[in-house]
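Letter by letter, the chains look like this.
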Amino acid sequence: MPEKDIEAVQPLQKGTRETRRQWCKMAGVDFRWVAACVSLTLIGIAIGYWLIKPLGAGVPPICPCENLHFCNRIKDTTRKEVFMFSLRATATDWVRYDWTKVTTVVMVGYLDMGLVCLAHKHGARAVIIGDVTADVFVSPDKRKSWIAKQLDVVDRYFLDGLNFDFEGPILPDQFDLRDGYTALVRETRAALVEKFPFAMVSVDVAWGAQGVDERSYDNQGLAAAADFLFIMAYDMQSQIRGPCVAGPNSPFPRVMEGVQSYLNASISPDRLVLGLPWYGYNYSCLALSKENECSIRAIPFRGVYCSDAAGNEINFNTISIVHLWKTLGRGMNGHSLQVRYDDPKSLKVKYQYAIDAGLRGVGVWNTEALAYSSQEPRDIWDVHEMWTTLPDFRQNQRHLNNRKHLPRPDGSDTVQG
Ligand SMILES: *[C@@H]1O[C@H](CO)[C@@H](O)[C@H](O)[C@H]1NC(C)=O
Ligand SMILES: *[C@@H]1O[C@H](CO)[C@@H](O)[C@H](O)[C@H]1NC(C)=O
């Protein structure tokens, strides 16, 4: 109670101490005891907090999975990858994945322990994207605190690593940015594996190594700093240099050329995962030639006058609508539309190429492109086909499951499984 009020009630010529004593007497307690008690309690709380606070930081997070084993991180660091990006926290979709094939699932734009538990239950890694902006690259201090933050998240959510999806431009003469990015990846992986020996770090790179989309990254350095690069062999019409016409999202000859450009840069095939699309592009044609060349609006991208930005991305699940258009034999609003997309047939050829080239594996952007909840026979078939077409590296692995873990190419990991 504030003193002022007490004095207002007891306007006597006595000191405040005397006033308090009187109040305490009225309440039947000894003022000295109350004062001592309150002071000791406050001091106790302060000391307790000071003691417990640093201890709390070291307390391991509590596993929320139904089975505590599902919080254990995946230990195999050498197996081939089926590397899947998931964009939506939808548990009813996750259970439809073919978990006998997935080796890593990347949560994009969300973080959900439900998926972490499910992935671990099936022996797959769960990772997130280490969201980063270029200003972090060039400052050692910023890199350090960024890494500390990522480590904390990996720790608290029982994650198996990080994926870098920077994608911003780095021009050929921006050496500070280029080397800063590589340094960040190297330092992140070093810090991660120190705490979590089996954690994996991957970096998403353009379809080709030669500065595609103004991304003059240090690909060799990144490949050495990370566990592997994820080649984004899609959006490959982002810079159309010839006539401004629609083209395939992931044309096979150029996919091979792109992979070759990384191999030419002395990057081991074991450090390359081939990323392929479960989506395509829908273009509205300004004109459609007899040869089916669809002229599109010229929308510039990174130094080139024409790009796939003229179309809109459509997931594989909406492509069944396209089949309906085909049957009807016309586009909407009198405009001709041209849809360029991959299906199980075209994907199978590219998966096989990745296997034959001895790459680290394949990956997909993105798992939610399928109509998991649809009861349409066509959609059910599509979901089944898209998953069964993926390579089954884990079956091969099951045959070799007594094999010891090989050292990583840079000798950084000689752990036995
Ligand atoms: C890779 O190197 C070979 C041999 O030097 C060359 O013929 C080929 O054009 C290169 N390919 C790419 C995509 O860089
Ligand atoms: C395809 O593009 C046309 C023209 O821009 C548009 O009207 C249509 O809604 C698009 N279809 C899909 C499935 O995105």
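Residues numbered from 1 in each chain as written. Chains lettered and ligands numbered in written order. Predicted model: local features only at pLDDT ≥ 70, side-chain atom pairs only at ≥ 80, totals over all residues.

(A) Region of the structure containing the overall build of the chain. Scanning the chain from terminus to terminus reveals 14 helices and 13 strands. Residues classed as buried in the chain amount to 35% of the 417 residues present. Within the chain, contacts between residues separated by at least 24 positions form 71% of all contacts whose residues are at least 6 apart in sequence. (Helix = DSSP H or I, 4+ residues; strand = E, 2+ residues; numbered from the N terminus. Buried ≥ 20, exposed ≤ 12 C-beta atoms within 10 Å, placed from the backbone. Contact = placed C-beta atoms within 7 Å.)

(B) Here's a closer look at the environment of F301. Considering the arrangement of structural elements, one finds F301 in the loop between strand 10 (294-295) and strand 11 (312-315). The class of F301 is partly exposed, set by 18 C-beta atoms lying within 10 Å. With 61 residues separating them in the primary sequence, F301 and I240 have C-alpha atoms 9.0 Å apart.

(C) Seen up close, the pairing of strand 1 (residues 81-86). For strand 1, the tally of buried residues reaches six of six residues, placing the bulk of the element in the interior. In strand 1, alternate side chains face the same way, and those of E81, F83 and F85 on one face and V82, M84 and S86 on the other are all buried. Examined bridge by bridge, strand 1 and strand 13 (residues 361-365) share five bridges and lie parallel to one another. Paired with E81 across the strands is G361, a residue of strand 13. Relative to strand 2 (residues 104-107), strand 1 runs parallel, the two being bridged by four bridges. Note on strand 2: the bridge partner recorded for F83 is T104. (Pairing = 2+ DSSP bridges.)

(D) Spatial organisation of the site of ligand 1. All residues adjacent to ligand 1 are E257, Q260, S261 and N264. Of the residues that constitute the shell around ligand 1, the class distribution is no nonpolar, three polar and one charged. (Near = placed C-beta within 6 Å. Nonpolar A, V, L, I, M, F, W, Y, C, P; charged D, E, K, R; others polar.)

(E) A look at the nonpolar core. If you look at the biggest cluster of nonpolar residues, it comprises 85 residues, and the most contacted ones within it are L229, I231, L272 and L274. Membership of the second largest hydrophobic core comes to eight residues, among which are V245, Y283, C285 and C294. (Core = buried A, V, L, I, M, F, W, Y, C linked by C-beta atoms within 7 Å.)

(F) Main features of the sheet that holds strand 3 (residues 125-129). One closed barrel accounts for eight strands, arranged 1-2-3-4-5-6-7-13; its pairing is parallel. Pairs of neighbouring strands in the sheet enclose a mean axial angle of 25°, with direction left out of account. Bridge count between strand 4 (residues 161-164) and strand 5 (residues 200-205): four bridges; the pairing is parallel. Bridged to F164 within strand 5 is V203. (Axes fitted to C-alpha atoms, helices over the stretch in contact; angles between N-to-C directions.)

(G) Summary view of the confidence of the model for the chain. Looking at the chain as a whole, its pLDDT mean stands at 86, while 80% of the residues score no less than 70. Below pLDDT 50 for its whole length, residues 1-16 participates in eight contacts with residues either more than four positions away or in separate chains. Low confidence marks residues 401-417, where pLDDT is under 50. Its contacts with residues over four positions away, or in another chain, come to 21 contacts. (pLDDT = per-residue confidence, 0-100.)

(H) Focus on the sheet that holds strand 8 (residues 279-285). As summarised here, the arrangement of the three strands in space is 11-8-12, forming an open sheet in which the pairing is antiparallel. Here the strands that pair on one side only, and so sit at the sheet edges, are strand 11 and strand 12 (336-340). Looking at each pair of strands side by side, their axes are set apart by 30° on average, direction ignored.

(I) Region of the structure containing the pairing of strand 5. Taking burial as the measure, the six residues of strand 5 include six buried ones, the bulk of the element. Crossover strand 4 to strand 5 through helix 8 (residues 175-195) is right-handed. In this sheet, strand 6 (residues 228-232) lies alongside strand 5 in parallel orientation, the contact comprising four bridges. By the bridge assignment, V203 is partnered in strand 6 with L229. Note on the crossover from strand 5 through helix 9 (residues 219-225) to strand 6: the handedness is right-handed. (Right-handed = clockwise from strand over helix to strand, strands pointing away.)

(J) Representation of the packing of helix 7 (residues 140-156) against helix 8 within the structure. Packing of helix 7 against helix 8 leaves a shortest axis separation of 10 Å and a crossing angle of 40°. It follows from the interaxial angle that helix 7 and helix 8 lie oblique. Taken as a pair, helix 7 and helix 8 cross one another with a handedness that is right-handed. Of the residues in helix 8, those in contact with R143, I147, Q150, L151 and V154 of helix 7 are A183, L184, E187, T188, A191, L192 and K195. (Parallel < 35°, antiparallel > 145°, perpendicular 65-115°, else oblique. Left-handed = near helix turned anticlockwise from the far one by under 90°.)

(K) Seen up close, helix 8. With 21 residues, helix 8 should reach 30 Å at 1.5 Å per residue; the first-to-last C-alpha distance of 30 Å fits that figure. Buried residues in helix 8 make contact with helix 6 (134-137), helix 7, strand 4, strand 5 and helix 9. (Expected span 1.5 Å × (residues − 1).)

(L) Summary view of the environment of C285. Topologically, C285 is positioned in strand 8. Distance in space between the C-alpha atoms of C285 and L337 is 5.7 Å, their sequence separation being 52 residues. Sequence-distant contacts of C285, that is, excluding residues within four places in its chain, are made with C294, S295, I296, H335, S336, L337 and Q338.

(M) Looking closely at unusual backbone geometry. Cis rather than trans, the peptide bond between W365 and N366 has omega equal to 0°. Within the element layout of this structure, N366 appears in the loop between strand 13 and helix 13 (377-388). Positioned with a positive phi, F158 is a non-glycine residue whose angle comes to about 55°. Along the polypeptide, F158 turns up in the loop between helix 7 and strand 4. With phi around 40°, R302 is a residue other than glycine that occupies positive phi space. Relative to the helices and strands, R302 is located in the loop between strand 10 and strand 11.

(N) Summary view of the environment of H384. Along the chain, the position of H384 falls in helix 13. H384 sits 12 residues away from Y372 along the chain, and the two C-alpha atoms are 9.6 Å apart.

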